[in-house]
Amino acid sequence: GEYEPLKGRALETLHRSTHILTTMAPIADFSRDPVLEFHRQDIESKCRSLKWVGYLSTTSVYGDHQGDWVTEDSETRVSEADPATFRLQAEEAWLSLTRVVPAHVF
């Protein structure tokens, strides 16, 4: 598919944002987080009022724990062939923004 960055009013709104909460999953044929792929530089340098970013991930990043309880502190157990790998990479990418703004993964 064709993927495009935000433009016009949508991009202006991003630049004025104080908080960003994204649920966008990495797109299968894109294999990267589309928000960060197109707008990392905007988030890092043009969102001057930004106070916080959050990323809603998925429990699939924890992999198979054989029925044991899984918490946010549990080990991730996904193979490189598992599509959840892209979510795990997206989590890490969003958390890397902590050098410019508080970031959390849920």
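Right above here is the structure, for reference.
Residues numbered from 1 in each chain as written. Predicted model: local features only at pLDDT ≥ 70, side-chain atom pairs only at ≥ 80, totals over all residues. Heavy atoms only, no water.

## Observations regarding the overall build of the chain
Phase 1: From N to C terminus, the chain includes three helices and three strands.
Phase 2: In sequence order, the chain lays out its α and β elements as α-β-α-β-α-β.
Phase 3: Counting only C-alpha atoms and orienting by the principal axes, one finds that the chain spans roughly 45 × 30 × 15 Å.
Phase 4: Burial statistics for the chain: of 106 residues in total, 31% are counted as buried.
Phase 5: Sequence-distant contacts in the chain: of pairs separated by 6 or more residues, those separated by 24 or more amount to 69%. (Helix = DSSP H or I, 4+ residues; strand = E, 2+ residues; numbered from the N terminus. Buried < 20%, exposed > 50% of the residue type's maximum accessible area, 1.4 Å probe, protein only. Contact = heavy atoms within 4.5 Å.)

## Considering the packing of aromatic side chains
Phase 1: Throughout the structure, instances matching the rule amount to two aromatic pairs.
Phase 2: An angle of 45° between the planes, with centres 6.2 Å apart, marks the rings of Trp52 and Phe106 as tilted. Taken together, the residues Trp52 in strand S2 (residues 52-55) and Phe106 in the segment after strand S3 (103-105) connect sequence positions 54 residues apart.
Phase 3: Between Tyr55 and Trp94, the ring centres sit 6.3 Å apart and the planes meet at 15°, which makes this aromatic pair stacked. In this pair, Tyr55 is assigned in strand S2 and Trp94 in helix H3 (residues 84-95), connecting sequence segments 39 residues apart. (Phe/Tyr/Trp six-rings, centres within 6.5 Å; stacked < 30°, edge-to-face > 60°.)

## With respect to the nonpolar core
Phase 1: Counting residues in each nonpolar core, the largest one holds 14 residues, and the members touching the most others are Ile20, Ile43, Leu50, Val53, Trp94 and Leu97.
Phase 2: Going through the elements one at a time, helix H2 (34-46), S2, H3 and S3 are the ones with two or more residues in this core.
Phase 3: Beyond its immediate chain neighbours, meaning those up to four positions away, Trp94 contacts Ile20, Thr22, Asp33, Val35, Leu36, Ile43, Val53, Tyr55 and Ala103. (Core = buried A, V, L, I, M, F, W, Y, C linked by side-chain atoms within 4.5 Å.)

## With respect to the environment of Thr59
Phase 1: Relative to the elements of secondary structure, Thr59 occurs in the loop between S2 and H3.
Phase 2: In sequence terms Thr59 and Phe38 are 21 residues apart; their C-alpha atoms lie 25 Å from each other.

## Some words on the pairing of strand S1 (residues 19-22)
Phase 1: Burial along S1 is one-sided: Ile20 and Thr22 are buried, and none of His19 and Leu21, which face the opposite way, are.
Phase 2: Pairing of S1 with S2, which is carried by four bridges, proceeds in the parallel orientation. The partner of Ile20 across the bridge, within S2, is Val53. (Pairing = 2+ DSSP bridges.)

## What about unusual backbone geometry?
Negative phi characterises most residues that are not glycine, and trans characterises most peptide bonds.
Phase 1: Positioned with a positive phi, Gln66 is a non-glycine residue whose angle comes to about 55°.
Phase 2: Following the sequence through the fold, Gln66 ends up in the loop between S2 and H3.
Phase 3: The exposure class assigned to Gln66 is exposed, which follows from its relative accessible area of 65%.

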